[in-house]
Amino acid sequence: MAQADVNKEDYVPKYHTITHHFLDLERKEGFPVTDAEYETLDRIIAQAETKIKARPNCSRKEAINSLQKIDAILTSNGFQYQTRMILSEALKTKRTNCVTSSFIYKAIAETLDLPVHFSRAPAHLFIRWGLNDKGYVNWETTSVPACECPTQHYQRVMPIADSSIKDGVYLTGLTKTEALALPYAHIGFILQRKGDLHKAIKYYTKAITLYPKHAESHNNIGEAYIKLGNYEKAIAALTKAIELHPLSPESYNKRSIAYHKMGEKEKAIDDACTAFELS
């Protein structure tokens, strides 16, 4: 009875964005999503509508000014950065991580028709405002205050291979279809942490179908298969993860474990050494 009350649906959201879809998926999966989270999201969007008047083809200065206003709106509503994994929990507690904060920005951008897209670095999500001159503004939502962050910063502080950039795995704007994969990948990760491996694999598979270059989903599904004892599938998934993100010690380490379980000792040792070198 308690669970039914938690997920009772009386409030009709005013807006319909990818972020509302994210909440819908969490609610469908049985996470404790209440109408209050939808109301909070709608209230933030409504505040942005009254304060942001940017044009889609605005200047860099205008884009940054609009992004600063979004940050100010979130700050005035009590939002702070802290590792929270579930979107509904982030809206409830006003504690966000890179994923949940980026999705709140995206909800505002969709409503105001702003040229804002998701962009990714290894295990990290940020947003990118596309400018009319084919340039862009990377916006780091986890900084205090949120701020512009040059692409070179991500290349300097994170292990990103040139091939991962060239192939569009990292540091590029995501398409609408690729963006739709992110909630599935995120929920899959939460389910995996809870130990629901079969359901996590289902979500990762959906994410990969929408966004084949999502290296983290390949990595995580590989880990899930190791725990389920399906080492051949684990090796296949982790090999794909390494192809997309060849500087990931985590994927090499996990594949080493799978090779060891398969009795492939030389390959296990090679991967373990590579993981150590990349760490």
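Residues numbered from 1 in each chain as written. Predicted model: local features only at pLDDT ≥ 70, side-chain atom pairs only at ≥ 80, totals over all residues. Heavy atoms only, no water.

1. Concerning the side chain of K106
Summarising the element assignment, K106 is placed in helix α6 (residues 98-112). For the buried K106, no salt bridge exists, and the shortest N-O distance to an oppositely charged side chain is 4.6 Å, to E110. Sequence-distant contacts of K106, defined by excluding residues within four places in its chain, comprise I18, T19, V116, H117 and F118. (Helix = DSSP H or I, 4+ residues; strand = E, 2+ residues; numbered from the N terminus. Buried < 20%, exposed > 50% of the residue type's maximum accessible area, 1.4 Å probe, protein only. Lys, Arg positive; Asp, Glu negative; His and termini not counted. Salt bridge = Lys/Arg side-chain N within 4 Å of Asp/Glu carboxyl O. Contact = heavy atoms within 4.5 Å.)

2. Here's the deal with the pairing of strand β5 (residues 136-140)
Burial analysis of β5 places four of its five residues in the buried class, which makes it a mostly covered element. Between the end of strand β4 (residues 124-130) and the start of β5, which pair antiparallel, lie five residues, with K134 showing a positive phi angle near 75°. Pairing of β5 with strand β6 (residues 147-148), which is carried by two bridges, proceeds in the antiparallel orientation. When the bridges of β6 are listed, E140 appears paired with C147. Adjacent in sequence and paired antiparallel, β5 and β6 are bridged by six residues. (Pairing = 2+ DSSP bridges.)

3. Brief notes about helix α13 (residues 249-261)
For α13, built from 13 residues, the straight-helix expectation of 18 Å at 1.5 Å per residue is met to within 8% by its first-to-last C-alpha distance of 19 Å. For α13, the complete set of buried residues consists of S251, Y252, K254, R255, S256, A258 and Y259. Buried positions along α13 lie against α11 (215-228), α12 (231-244) and α14 (265-278). Of the residues one or two after α13, G263 is the one with positive phi, at around 85°. (Expected span 1.5 Å × (residues − 1).)

4. Some details on the packing of aromatic side chains
All chains considered together, the criterion is met by four aromatic pairs. Ring plane angle 35° and centroid distance 6.0 Å describe the contact between Y184 and Y203, whose orientation is recorded as tilted. Note that Y184 is positioned in helix α9 (residues 176-193) and Y203 in helix α10 (residues 197-210), a separation of 19 residues in sequence. Comparing Y184 with Y203 shows no difference in burial state: the two are buried. Ring pairing ties together the aromatic residues F22, F103 and F118, which thus form one cluster. Note that R128 overlies the ring of Y136, its terminal NZ or CZ placed 3.7 Å from the centroid. Sitting over the ring of Y184, K206 keeps its end group 5.8 Å from the ring centre. (Phe/Tyr/Trp six-rings, centres within 6.5 Å; stacked < 30°, edge-to-face > 60°. Lys NZ or Arg CZ within 6 Å of the ring centre and 35° of its normal.)

5. Some words on the sheet that holds β6
With antiparallel pairing, the four strands of this open sheet are ordered in space as β3-β4-β5-β6. Both edges of this open sheet fall to β3 (116-121) and β6, since each of them pairs with a single strand only. Here β4 pairs with β5 via four bridges, running antiparallel. Within β5, the residue paired with I127 across the bridge is W139.

6. Structural notes on the side chain of E29
Assignment of secondary structure puts E29 in helix α2 (residues 18-29). Taking relative accessible area as the criterion, E29 reaches 19% and is therefore assigned buried. In this structure the side chain of E29 is engaged in a polar contact, spanning 3.0 Å, whose partner is the side chain of K199. Residues within four places of E29 in sequence aside, it is in contact with I187, L191, K199 and Y203. (Polar contact = N/O pair within 3.5 Å; in protein donor to acceptor, adjacent residues only side chain to side chain.)

7. Considering the layout of surface pockets
Its volume calculated, the largest pocket comes out at about 670 Å³. Residue lining of the largest pocket: 31 residues in total, with P122, A123, H124, E216 and N220 positioned closest to the centre. Broken down by element, the residue count for the lining of the largest pocket peaks at five residues, all from α11. When the residues that make up the lining of the largest pocket are grouped by side-chain class, the tally is 17 nonpolar, eleven polar and three charged. (1 Å grid on protein atoms, 1.4 Å probe; cavity = no way out; pocket = protein on both sides within 12 Å on 5 of 7 lines; lining within 4 Å. Points joined across faces, edges and corners; volume = space filled by probe spheres on them. Nonpolar A, V, L, I, M, F, W, Y, C, P; charged D, E, K, R; others polar.)

8. Comments concerning the pattern of salt bridges
Oppositely charged side chains may form a pair once their charged atoms are brought near each other. Summed over the entire model, instances satisfying the criterion amount to nine salt bridges. Among the salt bridges present, the one from E29 reaches K199, with a minimum N-O distance of 3.0 Å. Of the two residues, E29 sits in helix α2 while K199 sits in helix α10, which places them 170 residues apart along the sequence. Across the pair R120 and E216 runs a salt bridge, and its minimum N-O distance is 2.1 Å. Taken together, the residues span a long stretch of sequence, with R120 in strand β3 and E216 in helix α11 at a distance of 96 residues. Just as R120 is buried, E216 falls in that class too. When salt bridges with common partners are traced through the structure, they connect E223, K227, E250 and K254 into a single cluster.

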